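What follows is the residue order along each chain.
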Amino acid sequence: MSNPLPIVPVVNACWQQIGVWGDRSCPELPKVTHCHNCPVFAAAGRRFLDAPSPPDYLDEWTARLSAEENDERGEQLSVLVFRLFDEWLALPVGVLVEVTPLRTPHRIPHRGGLMSGMVNIRGELHLCVRLDLLLGIIRTDKNVENKNPRLIVIRRDSEGWVFAVDEVDQVHRLPAKNLIPAPPTLSRATAKMNKGVFTLRGCSVGLLDDVKLFHAIRERTR
């Protein structure tokens, strides 16, 4: 079956040259985190969507959507990958609200430990927690340099939290069958809240169980 998507010439596809799919030298990249958040990328997407469809576009997509799903593909997981000290971790995008530049939390009187304070994001106050303490991840001299720290905002139902990380990669899709049991080298707390491990660019990434993570934060911050 031929490709039903319209072919639109892309002028100056900077995301493939200096963006996340290129050498990452774009001066705007630290501000927007990912090319998906850039106005240039969004404008190119609008030009693509506004382009006229080929004559057989609707017929081909009708055939695709009416066909039975390929069982060999299996369940696909969408996860956000990030680094905390020298451990690469991931969370399902279903609980992700946004990734925002790092800012210093305002301490809450008589509260410490796991609770690092409150941060103002887009005019809304969020409780900020220390994920490293929760997972038992310890900073050592061998930890990777803090390249591009960010705050990650997560929410499940009406419960929301914020935590700081040393680096955010991007959203990845992977087959669920690629997950393997967590190795014994993971910290005890991390292994307890881990759904499994997958390999990304030669590194092991631990996929956190968001249900267990929210429960643990709630219990430890009471």
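Residues numbered from 1 in each chain as written. Predicted model: local features only at pLDDT ≥ 70, side-chain atom pairs only at ≥ 80, totals over all residues. Heavy atoms only, no water.

**Details of the overall build of the chain**
Across its full length, the chain holds six helices and ten strands. Sorting the 222 residues of the chain into buried and exposed places 38% on the buried side. A separation threshold of at least 6 residues defines the contact pool for the chain, and within that pool the share at least 24 residues apart is 60%. (Helix = DSSP H or I, 4+ residues; strand = E, 2+ residues; numbered from the N terminus. Buried < 20%, exposed > 50% of the residue type's maximum accessible area, 1.4 Å probe, protein only. Contact = heavy atoms within 4.5 Å.)

**A word on the confidence of the model for the chain**
In the predicted model, the chain carries a mean pLDDT of 81, and the fraction of residues at 70 or more is 79%. Across residues 1-10, confidence stays below pLDDT 50; counting only partners more than four residues off in sequence or on other chains, it has 24 contacts. (pLDDT = per-residue confidence, 0-100.)

**Points about the state of the cysteines**
Scanning the model with the defined rule gives zero disulfides in all. Summary of cysteine pairing: C14 is not part of a disulfide, and the nearest cysteine sulfur, belonging to C38, is at 5.9 Å. Given a relative accessible area of 18%, C14 falls into the buried group. The cysteine C26 is free of any disulfide, with C14 supplying the nearest cysteine sulfur at 6.3 Å. (Disulfide = S-S within 2.5 Å.)

**Observations concerning the packing of aromatic side chains**
Tallied over the full model, the rule gives one aromatic pair. Aromatic side chains F82 and F163 sit 5.7 Å apart centroid to centroid with 50° between the ring planes, which places their arrangement in the tilted category. Taken together, the residues span a long stretch of sequence, with F82 in strand 1 (residues 76-84) and F163 in strand 7 (residues 159-165) at a distance of 81 residues. For F163, a relative accessible area of 0% translates into the label buried. (Phe/Tyr/Trp six-rings, centres within 6.5 Å; stacked < 30°, edge-to-face > 60°.)

**Quick word on the nonpolar core**
If you look at the biggest cluster of nonpolar residues, it comprises 26 residues, and the most contacted ones within it are F82, L131, L134, I152, I154, F163 and L213. Every element with two or more residues in this core is listed here: strand 1, strand 2 (87-92), helix 4 (131-135), strand 6 (150-156), strand 7 and helix 6 (210-220). (Core = buried A, V, L, I, M, F, W, Y, C linked by side-chain atoms within 4.5 Å.)

**Describing the pattern of salt bridges**
By the definition in use, this model includes eight salt bridges. Residues E98 and R122 are paired through a salt bridge, measuring 3.2 Å at the closest nitrogen-oxygen approach. Highlighted residues: E98 in strand 3 (residues 96-101) and R122 in the loop between strand 4 (115-121) and strand 5 (124-129), separated in sequence by 24 residues. Among the residues examined, E98 registers a relative accessible area of 17% and is labelled buried. Of the charged contacts in the structure, one is a salt bridge between R130 and D132, with a shortest N-O distance of 2.6 Å. Accessibility expressed as a relative area gives 36% for R130, which makes it partly exposed. (Salt bridge = Lys/Arg side-chain N within 4 Å of Asp/Glu carboxyl O.)

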